[in-house]
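If you want the building blocks of each chain, they are given just below.
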Amino acid sequence: MAERLKAAVIGAGVNGLVAAAALARGGCEVTVIERGAAPGGMMALGLFARGPHPAALEALGLKPGALGPAIPTVALCPSGRHVLVEGAEARFADGSAHPGAERWRVLSRRLDRFAAALAPLLTGAPPPMRLRAEGLPGLLRFALRLRLLGARDMRELLRIGLSNAADLAADALPEGPLAGLLAFDSVLGSRAGPMAPGTVVPLLLRRAPLRRMEGLAARLAAASEGKGARLRLGAGAARILFEDDRAHGVLLDDGERVEADLVLSSLGAAQTLALAGPALFDIEAQRRIGAIRAQGAAARVDLDFAAPPRLPGLDPAHHGARLVLAPSVQAVEPAYDPVKYGRLPALPVMEGRIDGARLSLTVQCVPHDAPRDRIVAATLAALETVAPGLGGEVRHAGALSPADIEAMTGAPGGHWHHGEIALDQFLTLRPANGMARHAMGPPGLFLCGAGAHPGGDVTGLPGLNGARAALEAMR
Amino acid sequence: MSQARSYDAIIAGGGHNGLTAGAYLARAGLSVLVVERSDIVGGAAVSRELEPGWTYSNCSYVCSLLRPEVARDLDLARHGLQVIPYTGGASFTKGGEYFAYHHDQRALEREIARLSPRDVEGYERFARAVTRQCRFVRPLLLRSAPDPASFHPRDLGELLFLLRRLHDLGEREMGEAVRFWTASVGDFLDGFIEHPLIKAHLAGSGIIGTGLGVYSPGTAYVLLHHYMGDLDGAIGAWGFARGGMGAVSAALAGALRAAGGEIRVNAEVERILVKDGAAAGVVLKGGEEIRAPLVASNMDAKRTFLGCVEPGALPDDFLDAVRRFRIRGSSAKLNIALDGPPVFPAVKGEAPFLSGDLHASESLLELEAAYDDWKEGRFSAAPYFDMLIPSRIDPTMAPPGAHMASIFVQYAPYDLARDGVRDPAHWDEAAREGLKAAVLDKIEAVSPGFRGLIRHSELRAPVDIEREVGLSEGNIFQGELTFDQLLFNRPVPGWARHRSPLPGLWLVGSSAHPGGGVMAAAGANAAREILRDMKRGGRDEAAFRAA
Ligand SMILES: Cc1cc2nc3c(=O)[nH]c(=O)nc-3n(C[C@H](O)[C@H](O)[C@H](O)COP(=O)(O)OP(=O)(O)OC[C@H]3O[C@@H](n4cnc5c(N)ncnc54)[C@H](O)[C@@H]3O)c2cc1C
Ligand SMILES: Cc1cc2nc3c(=O)[nH]c(=O)nc-3n(C[C@H](O)[C@H](O)[C@H](O)COP(=O)(O)OP(=O)(O)OC[C@H]3O[C@@H](n4cnc5c(N)ncnc54)[C@H](O)[C@@H]3O)c2cc1C
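Remember, predicted model here, so these are calculated numbers, not experimental data.

## Side note on the site of ligand 2
Residue and element names in this part refer to chain B.
Part 1 of the argument: Around ligand 2, 34 residues are found, and the nearest of them are N17, E36, I476, S510 and G517.
Part 2 of the argument: Taking G517, its main chain carries an N or O atom lying 2.8 Å from an oxygen atom of ligand 2.
Part 3 of the argument: Burial of ligand 2 by the protein amounts to 97% of the accessible area it has alone, namely 1000 Å².
Part 4 of the argument: Mapped onto the shell around ligand 2, the elements with two or more residues apiece are α1 (16–27) and α15 (462–469).
Part 5 of the argument: Looking at the shell around ligand 2, its residues break down into 15 nonpolar, 14 polar and five charged.

## Things to note about helix α5 (residues 153–168) of chain B
Part 1 of the argument: The end-to-end C-alpha distance of α5 of chain B is 22 Å, a good match for the 22 Å that 16 residues give at a rise of 1.5 Å each.
Part 2 of the argument: Of the residues flanking the end of α5 of chain B, it is G170 of chain B, one or two places downstream, whose phi is positive at about 90 degrees.

## Focus: the side chain of E158 of chain B
Residue and element names in this part refer to chain B.
Part 1 of the argument: Of note, E158 is situated in helix α5.
Part 2 of the argument: Engagement of the side chain of E158 in a polar contact is seen with the side chain of R143, the distance being 3.1 Å.
Part 3 of the argument: Those residues in contact with E158 that sit more than four places away from it in its chain are R143, S144 and P146.

## Topic: the sheet that holds strand β16 (residues 295–297) of chain B
All names here are of chain B.
Part 1 of the argument: Spatial ordering of the open sheet is given by β12-β3-β2-β16-β24, a layout of five strands whose pairing is parallel. The open sheet has two free edges, formed respectively by β12 (262–264) and β24 (505–507), since each of these has just one partner strand. Between one strand axis and the next, the sheet turns through 20 degrees on average, direction left out of account.
Part 2 of the argument: Where β16 and β24 come together, three bridges link them in parallel fashion. Its bridge partner being in β24, V295 is matched across the sheet by L505.
Part 3 of the argument: Where helix α10 (residues 246–258) meets the sheet, its contacts fall on β3 (32–35) and β12, and the angle it forms with β12 comes to roughly 130 degrees.

## Let's talk about the pairing of strand β2 (residues 29–34) of chain A
Residue and element names in this part refer to chain A.
Part 1 of the argument: Burial analysis of β2 places five of its six residues in the buried class, the great majority of the element.
Part 2 of the argument: The pairing of strand β1 (residues 6–10) with β2 spans five bridges and is classified as parallel. Considered in β2, the bridge of V9 is made with V32.
Part 3 of the argument: For the segment spanning β1, helix α1 (residues 14–25) and β2, crossover handedness is right-handed.
Part 4 of the argument: One ladder, built from four bridges, connects β2 with strand β8 (residues 230–233); its direction is parallel. Paired with I33 across the strands is R232, a residue of β8.

## Observations regarding the site of ligand 1
All names here are of chain A.
Part 1 of the argument: Every one of the 32 residues lining ligand 1 counts as a neighbour, but N15, E34, M42, F48 and W416 are closest to it.
Part 2 of the argument: At 2.8 Å from an oxygen atom of ligand 1 is found a main-chain nitrogen or oxygen belonging to M42.
Part 3 of the argument: Between ligand 1 and the protein, one listed contact pairs a nitrogen atom with a backbone N or O atom of F48 at 2.4 Å.
Part 4 of the argument: Here ligand 1 has 1000 Å² of accessible area as a free molecule, and 96% of this is covered by the chains.
Part 5 of the argument: Residues that form the shell around ligand 1 fall into these classes: 16 nonpolar, 12 polar and four charged.

## With respect to α15 of chain B
Owing to its 3.6 residues per turn, the α-helix brings residues three or four apart onto one side.
Residues and elements named next belong to chain B.
Part 1 of the argument: By the criterion of burial, α15 is predominantly enclosed, with six of the eight residues buried.
Part 2 of the argument: Among the residues of α15, P462, V463, D464, I465, E466 and V469 are the ones counted as buried.
Part 3 of the argument: G470 lies just past α15 and shows a positive phi near 85 degrees.

## Side note on the interface of chain A and chain B
Part 1 of the argument: Contacts between the two partners involve 34 residues from chain A and, on the opposite side, 40 residues from chain B.
Part 2 of the argument: The contact between chain A and chain B buries some 3500 Å² in all, and 53% of this surface belongs to carbon and sulfur atoms.
Part 3 of the argument: At the boundary of chain A and chain B, one finds 12 salt bridges.
Part 4 of the argument: In this structure, the salt-bridge partner of E368 of chain B is K340 of chain A, at a minimum N-O distance of 2.6 Å.
Part 5 of the argument: One can count 20 residue pairs in polar contact (both at pLDDT 80 or more) joining chain A with chain B.
Part 6 of the argument: Contributions of two or more residues to the side of chain A that touches chain B are made by α5 (151–160), α6 (165–172), α11 (283–290) and α12 (329–336) of chain A.
Part 7 of the argument: Residue contributions to the side of chain A that touches chain B peak at seven residues, all from α5 of chain A.
Part 8 of the argument: Its residues assigned to classes, the side of chain A that touches chain B comprises 15 nonpolar, two polar and 17 charged.

## Comments concerning the sheet that holds strand β5 (residues 83–86) of chain A
Residue and element names in this part refer to chain A.
Part 1 of the argument: With mixed pairing, the eight strands of this open sheet are ordered in space as β6-β5-β4-β14-β15-β16-β13-β17. With partners counted over all chains shown, the strands left at the sheet margins are β6 (89–92) and β17 (394–400), one partner each. Across the sheet, the axes of successive neighbouring strands diverge by a mean angle of 20 degrees, strand direction being ignored.
Part 2 of the argument: As defined by bridge partners, strand β14 (residues 322–325) adjoins strand β15 (residues 349–355) across three bridges and the pair is classed as antiparallel. Within the sheet, the bridge partner assigned to L325 lies in β15 and is M350.
Part 3 of the argument: Where helix α3 (residues 101–122) meets the sheet, its contacts fall on β5 and β6, and the angle it forms with β6 comes to roughly 155 degrees.

## Let's talk about the domain arrangement of chain A
All names here are of chain A.
Part 1 of the argument: According to the domain assignment, chain A contains domain 1 (6–66 + 212–292 + 419–474) and domain 2 (72–209 + 298–365 + 367–400).
Part 2 of the argument: Between domain 1 and domain 2, the C-alpha centre-to-centre distance is 27 Å.
Part 3 of the argument: Tallying the contact residues gives 25 residues for domain 1 and 37 residues for domain 2.
Part 4 of the argument: Regarding the contact of domain 1 and domain 2, the summed buried area is about 2600 Å², with carbon and sulfur atoms giving 57% of it.
Part 5 of the argument: Linking domain 1 with domain 2 are four salt bridges, by the criterion used here.
Part 6 of the argument: Among the salt bridges present, the one from R50 reaches D185, with a minimum N-O distance of 3.8 Å.
Part 7 of the argument: The interface formed by domain 1 and domain 2 holds 13 residue pairs in polar contact (both at pLDDT 80 or more) in total.
Part 8 of the argument: Elements represented by at least two residues in the side of domain 1 that touches domain 2 include exactly β3 (48–49) and α15 (461–474).

## Observations regarding the packing of aromatic side chains
All names here are of chain B.
Part 1 of the argument: The final tally for this structure, using the stated rule, is 18 aromatic pairs over all chains.
Part 2 of the argument: Both rings, one in Y101 and one in Y123, keep their centres 6.5 Å apart while their planes meet at 70 degrees; by these two values the pair is edge-to-face. One end of the pair, Y101, is in strand β8 (residues 98–102); the other, Y123, is in helix α4 (residues 119–141), and 22 residues separate them in sequence.
Part 3 of the argument: With a relative accessible area of 6%, Y123 lands in the buried category.
Part 4 of the argument: Plain terms: the ring middles of W181 and Y221 are 4.9 Å apart, the flat faces sit at 40 degrees to each other, and that makes the pair tilted. Here W181 is found in helix α6 (residues 171–182), whereas its partner Y221 is found in helix α9 (residues 219–227), with 40 residues between them in sequence.
Part 5 of the argument: Among the residues examined, W181 registers a relative accessible area of 16% and is labelled buried.

## Structural notes on the state of the cysteines
Part 1 of the argument: For the structure on display, the rule yields zero disulfides over all chains.
Part 2 of the argument: Free of any disulfide, C448 of chain A has its nearest cysteine sulfur in C28 of chain A, 12 Å distant.

## Some thoughts on the packing of α4 of chain B against α9 of chain B
Residues and elements named next belong to chain B.
Part 1 of the argument: For the pair α4 and α9, the least separation of the axes is 10 Å and the interaxial angle reads 75 degrees. It follows from the interaxial angle that α4 and α9 lie roughly perpendicular. Across from F126, V130, Q133, C134 and V137 in α4, the residues of α9 making contact are L223, L224 and Y227.

What counts, and where the lines are drawn
- Residues numbered from 1 in each chain as written.
- Chains lettered and ligands numbered in written order.
- Predicted model: local features only at pLDDT ≥ 70, side-chain atom pairs only at ≥ 80, totals over all residues.
- Heavy atoms only, no water.
- Near = heavy atom within 4 Å.
- Polar contact = N/O pair within 3.5 Å; in protein donor to acceptor, adjacent residues only side chain to side chain.
- Areas by Shrake-Rupley, 256 points an atom, 1.4 Å probe, with all protein chains shown as cover.
- Helix = DSSP H or I, 4+ residues; strand = E, 2+ residues; numbered from the N terminus.
- Nonpolar A, V, L, I, M, F, W, Y, C, P; charged D, E, K, R; others polar.
- Expected span 1.5 Å × (residues − 1).
- Contact = heavy atoms within 4.5 Å.
- Pairing = 2+ DSSP bridges.
- Axes fitted to C-alpha atoms, helices over the stretch in contact; angles between N-to-C directions.
- Buried < 20%, exposed > 50% of the residue type's maximum accessible area, 1.4 Å probe, protein only.
- Right-handed = clockwise from strand over helix to strand, strands pointing away.
- Buried area = accessible area lost by both parts, 1.4 Å probe.
- Salt bridge = Lys/Arg side-chain N within 4 Å of Asp/Glu carboxyl O.
- Domains from an automatic or database assignment.
- Phe/Tyr/Trp six-rings, centres within 6.5 Å; stacked < 30°, edge-to-face > 60°.
- Disulfide = S-S within 2.5 Å.
- Parallel < 35°, antiparallel > 145°, perpendicular 65-115°, else oblique.

Structure below.
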């Protein structure tokens, strides 16, 4: 029997780890090359995870139940009448009924049905542009599920899938924190406002319950190692090596060479191209990679207080919940506008969590290289709308701009998804036309990070799909 | 009271699409009456004399989208339509620089090279991409949109046609087509061209009439929609209808009358008559009833279904869907009678491109900022404008030596915000003067002395366009051209084929596929659907098939 196939995976973020596990399960000898001292990548910046996706968990040999309990969301309102949201259920945080609860429930159920119909497109190769074998099963399953929705729902999905979150909210919900929450989730991590066409898509990808992110990276890394992957921490990939025009291994920063028949990169397409060198890519491919939009707009902010911070109207019992400050659609859209001109919004929108005396936040929309003190100041200005005087109690504040995040993790532009999630960068066009089936350029090289289909968040799906494409190609 | 007259078909609204549909139906042998609220037909395609000696194309002002198949079928040339192409355009900067667009390939290359040699190749790729996409989309304009949720053989057939055409593009181009349909015009241009002024010049077509910014996904398609014109075979070529846009409507009215159709102006439809669960005619303002088993509405979807059909005659979920249909006002129009020719000092002497579309927006971000104002309920502080001076090549538009400027302005909201409240009533004199000043300031900066030439001017805010033409919110396309409102989604998913849940009531205006512009496609498509429904296909059907 021939030797076992060797695979090198670049990056030990969620997608690198899932890809490695799937490759190991597929019979490969896998080395994961991680520049950082610990695995996890951008998971270290995240507060809440909806994943990994059950298919990715299966590759890792983990059970969905093992992820811990789902946590609720509290949509904060300057009036103090915060709204507690648990999946399709919504009520005021004080327990009283919310007038929009029934509409929220109807909309949530509808989005759940649509998400289920979309699911087959996400857990495999994106639909093919030509009728070819690889993408066909997913496409047919999608078509079938679409039909099973019934004519009415199917038409509605085809409409709202192309529509925008602001209109969806306006049609389905009263303006206020619930509508604001919907708008926030539609653009979280993106450089877009909810009025931009295509923003309903992220909502359909974000239907799973939320859990805390803590400890997840370590568990995923352990599971991946458990499947046989070897983690090589502390040295980055310096070059992807080729022999006879096919991928042959990876040269590390410290001079070590990792030989491999398959190289999977969880970095962005542009970063991968830089590691591979342009010689093996045609000019059109280089141009398309160069045109991928990946400018991060999410910042991480941590605020430390002497004691657990108090937000009027918020029961300390909800400190562990996801707090979202996006009081209306009308508040989310203008938070996006200034970033187009490189400015910070006066009142950014954000999600966060209180852990003891610390309030940790992901803040939108922040220009790529915004100064940290300005990010903190804008964050506090927004928080003061729900907790007047909070700013004065801050003992210590830290912030990471998208530029900081890019420097730390290597993520393109520090972008949450390694590349904007928009209809022209989705499915068959992700990361770019001609590269969506995870193979990139010369044989043996594949993409498996958030920049690839179907995009970011802690799902592990790009990793899983990338590994499957690579294994498929070796058959 | 005189006895109620009856016809085979009544067209409610004499816009260019209503006239087109009416002409096709009359030619197929139906007795047709067009009832128009205004004192002239044409809707947003009219010419009026507001200052003696000057002809204003008050709303639409340039002609090219008009489907040549319709012009041929209805013999519009014989009915007096003459389109004079113009061959260029220009964008000026405050700093005295300009970019001139030429339809002549060589001249255009030289001009691009003058500003940015690296963009010559990029522009060539851009032009090729646009041309390919136009070739792909154009044949869809005169076909009905398939309903992907239907098993009807015709829907399956149209769906197959669409998929086959996509497939024929080849894998790479198919991806590019999808990208084109979903990208923003700004991102799309960024992929080809570097020079900000050239990009700004080209991006304008992506936002005209649209409540979206240059960086909003979907605006690349709007650009495509505006490039669909083909005068003399040149894609994206534009021209003037001699005598103003009213000439298009006059020719269509001529074709309608020649086929035996009748037109009544100053006849406003108040209600669509419903008898036994089907449309049965119209009731005019004043109470007159006119009977017909078929009513084709040229009004937009909201005006038709929410305004003119009695409650209960249409199902609730359909009405909800009509309410969700987005018709947003975002454009204004400034028409000006000038005592002499405006001068652009950046250009030495006479240049043919001055007879084309003139702009003064310098970058994509400037255009995007104009959109941000609109989102917040303000008219743009630095609006995008598209100015044409048709009198430079059409002497019928103004007295000798004098000129007429037709200035399309983007963006102006329908419900202007004031103190946090949005209300169309805020369009008072001060607001109008404010918008006019914002536009004239920009023009004056690139054409000093322009203000001094003004003899008479007319500003049409979205409310005015709504009031005068009946376009809801003043939306020039009778509904946003966003991709959730195109093809099978236009105007309402499941009802994209001009029909409505009320038997006998049809939609023939721009609210239907393929949307707005003086294209005559919606009217022609609707007529075909109606005739097919009546099994009266005949010759015109064959003509469509050949097209
Ligand atoms: C501020 C912020 C908050 C977020 N919060 C959440 C959240 O709450 N919930 C959620 O679901 N998602 C969140 N995300 C998004 C989510 O973290 C990412 O989409 C996801 O983690 C991407 O995983 P990945 O494996 O594709 O890439 P990454 O996590 O970026 O992993 C790439 C890895 O490659 C390594 N690397 C880079 N260059 C090299 C090299 N040359 N050689 C070797 N290794 C290299 C990096 O160190 C990194 O470990 C957040 C993102 C940001 C920016
Ligand atoms: C300012 C402006 C500039 C434009 N510029 C251009 C351009 O340069 N080139 C281009 O191709 N397109 C342009 N357009 C778009 C184009 O003019 C329109 O999309 C197109 O004319 C719409 O035609 P239609 O027949 O579908 O509808 P409409 O023209 O809206 O026709 C509807 C008709 O119904 C009538 N009506 C309404 N209510 C009633 C009633 N109750 N009873 C009886 N009749 C009624 C109206 O009076 C009108 O005549 C412009 C539009 C505007 C507003």
